[in-house]
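Chain by chain, the residues:
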Amino acid sequence: MKVTYLGHGGLSIEVDDTHIVVDPFISGNDLAKHLDVDSIEADYICITHAHFDHIADVEVIANRTGAQIISNYEIFTHFNQKGFAGHPMNHGGSWQFNFGKVTYTNAVHTSSFQDGTYGGNPGGFLIETKEGTIYIAGDTALTYDMKLIPLLANLDIAVLPIGDNFTMGVDAAILASDFVECNKVLGYHYDTFGYIKIDHNEAKSKFSAKDKELILLDIGESMNI
Ligand code: NI
Ligand code: MN
């Protein structure tokens, strides 16, 4: 499993030959100007919630690639009515895709489209593949429901928001990594806006003080799980 950070809440996950893009927000992200949205490969696009900083590049990527959209029922329906194909899910449900099993997990946040339209309740994704298991928390507070994740699967890596203000911050993410029982954390949802700028070294030190690893990839950088 290869994971590439696309900036903000965006990821590209490669399992075998399948490309799964999560929450693409590239063309509107000043920090991701060096990435070319038109060269991003996608077979599936997983969307955690409807906020603009998670869906901005969904249509341009899906139009070019024909990627299937995986999200909650409301977000799936929003895109399906515009002609995009995909797969609707909801909290606690799992589905076996060709690349692995996906569960739509709970998140404590909000989820409306930019025009105020209801985007269902926000979520995250637990993706179990033969190449590894990844939990992508989505935009969320620290929540006790995270304790359910290790009852479902043993994680190889947890992707947690660390920017604070709109989501949990570093200290809460350390507690979240306890809850999900995974000491290897890829941080995301930080630095993009003024409200969520963090001190990278301080964040990493806080994790290592608890014998945990916080990985902060450069935008466009990849890691193998
Ligand atoms: Ni959000
Ligand atoms: Mn967000």
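In short, a report on the structure. Computed from a prediction, not measured in an experiment: that's the story for all the values here.

**Some words on the coordination of the nickel ion (ligand 1)**
Taken together, the protein donors to the nickel ion (ligand 1) comprise His49 (NE2), His51 (ND1), His109 (NE2) and Asp139 (OD), at separations of 2.2 to 2.4 Å. Taken together, the four donor atoms coordinating the nickel ion (ligand 1) and their angles of 88 to 177 degrees define a geometry best described as irregular. If you list the donors of the nickel ion (ligand 1) from N- to C-terminus, the spacing comes out as H-x1-H-x57-H-x29-D. In this structure the manganese ion (ligand 2) is found 3.1 Å away from the nickel ion (ligand 1), and Asp139 serves as a bridging donor for the pair. Here Asp139 lies in the loop between β10 (132-136) and α4 (149-152) and His109 lies in the loop between β8 (100-106) and β9 (123-129), a separation of 30 residues in the sequence.

**A short note on the sheet that holds β9**
Adjacent strands of a sheet pair through backbone hydrogen bonds, lying either parallel or antiparallel. Taken in spatial order, the seven strands of this open sheet run β7-β8-β9-β10-β11-β12-β13, and their pairing is mixed. Two strands close off the open sheet at either side, each with one partner strand: β7 (94-97) and β13 (213-215). Neighbour-to-neighbour, the strand axes of the sheet open up by a mean angle of 20 degrees, direction not taken into account.

**With respect to the sheet that holds strand β5 (residues 68-72)**
Pairing within the open sheet is mixed, and its seven strands lie in the order β6-β5-β4-β3-β2-β1-β14. One side of each edge strand has no neighbouring strand; the edge strands of this open sheet are β6 (86-89) and β14 (222-224). Recorded for the sheet is a direction-independent mean angle of 20 degrees between the axes of neighbouring strands. Of the strand pairs in this sheet, β5 and β6 are connected by four bridges, and their pairing is parallel.

**Brief notes about the pairing of strand β3 (residues 18-22)**
β3 sits mainly inside the fold: five of its five residues count as buried. By the alternation rule, side chains of β3 split into Thr18, Ile20 and Val22 and His19 and Val21, which are all buried. Looking at chain direction, strand β2 (residues 10-15) and β3 are connected through five bridges and run antiparallel. Residue pairing for β3: Ile13 is matched across the bridge by Ile20. Linking two consecutive strands that pair antiparallel, namely β2 and β3, is a turn of two residues; a positive phi of about 55 degrees is found at Asp16 within it. Pairing of β3 with strand β4 (residues 44-46) involves three bridges; the strand directions are parallel. Each bridged residue has a counterpart across the sheet, and for Val22 the counterpart in β4 is Cys46.

Cut-off values and rules
- Residues numbered from 1 in each chain as written.
- Chains lettered and ligands numbered in written order.
- Predicted model: local features only at pLDDT ≥ 70, side-chain atom pairs only at ≥ 80, totals over all residues.
- Heavy atoms only, no water.
- Donors = N, O, S within 2.8 Å, 3.2 Å for Na, K, Ca; no water.
- Tetrahedral: all angles 85-135°; square planar, octahedral: opposite > 155°, others 65-115°.
- Helix = DSSP H or I, 4+ residues; strand = E, 2+ residues; numbered from the N terminus.
- Pairing = 2+ DSSP bridges.
- Axes fitted to C-alpha atoms, helices over the stretch in contact; angles between N-to-C directions.
- Buried < 20%, exposed > 50% of the residue type's maximum accessible area, 1.4 Å probe, protein only.

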